[in-house]
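Coordinate analysis (summary)
The primary structure of each chain is shown beneath.
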Amino acid sequence: MMDFEKMANGGLARIKPYQAGKPIEEVKRELGLDDVIKLASNENPFGMSPKAVEAAVAAVKEGNFYPDSNGYYLKQRLHQKFGYDVKRITLGAGSNELINLLFEAFVNKDVNVVLPEYSFCVYSMDATINGAEVRTVPLSDWKVDLNKVLAAIDSKTRIVAFANPSNPIGTAIPSADMKSFLKKVPESTLVVIDEAYNEFNSGDPTCEDSARWLDAHRNLVVSRTFSKAYGLAGLRVGYMLADPQITSLMDRLRAPFNVNAAAQAAAIAALDDDEFIKKTVENNTKERARYMQFFKEQGVKAIDSKANFVAADFAPHDAQKLASELMKRGVIVRPLLGYQLRDILRISIGTPSQNDRFFKETADLLKTL
Ligand SMILES: Cc1ncc(COP(=O)(O)O)c(C=O)c1O
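Source: prediction; values computed, not measured.

**Here we look at the sheet that holds strand 6 (residues 190-194)**
Across the sheet, seven strands lie side by side as 2-8-7-6-5-3-4; this open sheet has mixed pairing. Edge positions in the open sheet fall to strand 2 (89-92) and strand 4 (133-137), since each of these has one partner strand only. On average, each strand axis in the sheet is tilted by 20° relative to the strand beside it, whichever way the strands run. Pairing analysis gives five bridges linking strand 3 (residues 112-116) to strand 4, with the strands arranged parallel. For Leu-115, the partnering residue across the bridge sits in strand 4 and is Thr-136.

**Some points on the packing of aromatic side chains**
Scanning all chains against the criterion turns up 20 aromatic pairs. Summarising the aromatic geometry, the rings of Phe-295 and Phe-358 are spaced 6.3 Å apart at their centres and angled 70° between planes, so their arrangement reads as edge-to-face. Pair noted here: Phe-295 is in helix 11 (residues 274-298) and Phe-358 is in helix 13 (residues 352-368), with a separation of 63 residues, a long-range link. The exposure class of Phe-295 is buried, given its relative accessible area of 0%. A residue is classified by how much of its surface remains accessible, and Phe-358, at 0% relative accessible area, is buried. These aromatic residues form a ring-pair network of at least three members: Tyr-291, Phe-294, Phe-295, Phe-314, Phe-358 and Phe-359. Between the NZ or CZ atom of Lys-279 and the centre of the ring of Phe-46, over which it lies, the distance is 4.4 Å. Sitting over the face of the ring of Phe-309, Arg-346 holds its NZ or CZ atom 5.5 Å from the ring centroid.

**Regarding the domain arrangement of the protein**
What the domain assignment reports for the protein is domain 1 (4-47 + 275-368) and domain 2 (64-273). Centre-to-centre separation of domain 1 and domain 2, based on C-alpha positions: 24 Å. Counting residues at the interface gives 34 residues for domain 1 and 28 residues for domain 2. Taken together, the two surfaces of domain 1 and domain 2 that pack against each other cover about 2,600 Å², and 66% of this comes from carbon and sulfur.

**A closer look at unusual backbone geometry**
Glycine aside, the phi torsion of most residues is negative, and most peptide linkages are trans. In this structure, Pro-168 follows Asn-167 across a cis peptide bond, with omega equal to 15°. As for its position among the elements, Pro-168 is in the loop between strand 5 (157-163) and helix 8 (175-184). Ala-315 connects to Pro-316 through a cis peptide bond whose omega is 10°. Here Pro-316 shows up in the loop between strand 10 (309-313) and helix 12 (319-328). Of note in the backbone geometry, Trp-142 takes a positive phi value of approximately 70° without being a glycine. Mapped onto the elements of the fold, Trp-142 is located in the loop between strand 4 and helix 7 (146-152).

**Regarding helix 9 (residues 244-253)**
Among all positions of helix 9, only Ile-246, Thr-247 and Met-250 are buried. Angularly, the buried residues of helix 9 cover 100° about the axis, an arc narrow enough to put them on a single face. Away from its buried face, by an angle of more than 90 degrees, helix 9 presents the exposed residues Gln-245 and Arg-252. Among the structural elements, strand 2, helix 5 (95-106), strand 6, strand 7 (220-225) and strand 8 (238-241) are those in contact with the buried residues of helix 9. Its side-chain oxygen at 2.9 Å from the backbone nitrogen of Gln-245, Asp-243 defines the N-terminal cap of helix 9.

**Description of the side chain of Arg-224**
Relative to the helices and strands, Arg-224 resides in strand 7. Of the residues examined, Arg-224 reaches a relative accessible area of 3% and is grouped as buried. A polar contact of 2.7 Å, which involves the side chain of Arg-224, links it to the side chain of Glu-195. What Arg-224 contacts, discounting residues up to four positions off in sequence, is Tyr-84, Ser-95, Glu-195, Asn-198, Asp-209, Ser-210, Ala-211, Gly-238, Tyr-239 and Leu-241.

What counts and how
- Residues numbered from 1 in each chain as written.
- Predicted model: local features only at pLDDT ≥ 70, side-chain atom pairs only at ≥ 80, totals over all residues.
- Heavy atoms only, no water.
- Pairing = 2+ DSSP bridges.
- Helix = DSSP H or I, 4+ residues; strand = E, 2+ residues; numbered from the N terminus.
- Axes fitted to C-alpha atoms, helices over the stretch in contact; angles between N-to-C directions.
- Phe/Tyr/Trp six-rings, centres within 6.5 Å; stacked < 30°, edge-to-face > 60°.
- Buried < 20%, exposed > 50% of the residue type's maximum accessible area, 1.4 Å probe, protein only.
- Lys NZ or Arg CZ within 6 Å of the ring centre and 35° of its normal.
- Domains from an automatic or database assignment.
- Contact = heavy atoms within 4.5 Å.
- Buried area = accessible area lost by both parts, 1.4 Å probe.
- Arc of directions from axis to C-beta.
- Polar contact = N/O pair within 3.5 Å; in protein donor to acceptor, adjacent residues only side chain to side chain.

Set out below in structure tokens:
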């Protein structure tokens, strides 16, 4: 019998599928519940900006037409708002697609990829699929030690990737440290800074816009998404900023109509809705502090987060078990077993009332254990 696993390219047969958070409807159906909240996928708890909804609905009405293959208006809007050169922008169906394509473009069995421990799982999946060795650099007190990362890089390192702030841990690398790191990395190593959660940290006065460093560092690649602060996770749109030569390669590799018309229209409208972003980020900052206080009161060690979630160490309790108990109580959170972190739960920060519900259910549950 034909063994298709053996026929697959690179290391595809060696990776496990990405484990997505359970959708609310599935949990309702399986557990017979009618009031379920999801604090598991770092989504925007306020939904989409009403302006983005309106723009997406209008675009859907023109759904018989292919979308703009080059995303002209979205790129122009990004240029107007942030000053980014359109020649540096690639649009993707979520930043996940762009990360996949970047690895496909540059990674193969003759190179290695350096990643901090507990990096967003997509990077190691992509490295493995494309046949590369993955070098993992241990964290120090849940933070990236850039000196250790530098020591792991050699002439065969094609990509070093960081999520900043990181997922699933939530800590961030300060801009000053990243800038001095960039000066020391060989030009042949692409430095990917994945800023999916950037908006939740950008209020920090020491946090610079890393896209401003692109002129000085041709090997820098910055990826951003509309899925988190902008609330468009379900529409799938993100962008990558890089050297124009890299952008041109990405444009050749991507599918011609990779970002659908509703997603393009919604992203443009979302960029116009500063109020919505402000409300999202302010809620997150305020509620994140409430999580830290709650965990302190419960004697649970929480990792200081700069993102829209908090990872907390519930040892000696098993996080997987806690997550399934909370699910029975209608609260979906994310255990990090897939990252070999048995005791850690990651909770996405919700609205104040969703967070109240998490606090109540968790406190009640811990009393029974
Ligand atoms: C660090 C990080 N990068 C990228 C992504 C992908 O996001 P999207 O494809 O929705 O832009 C995620 C999603 O959770 C993430 O956590």
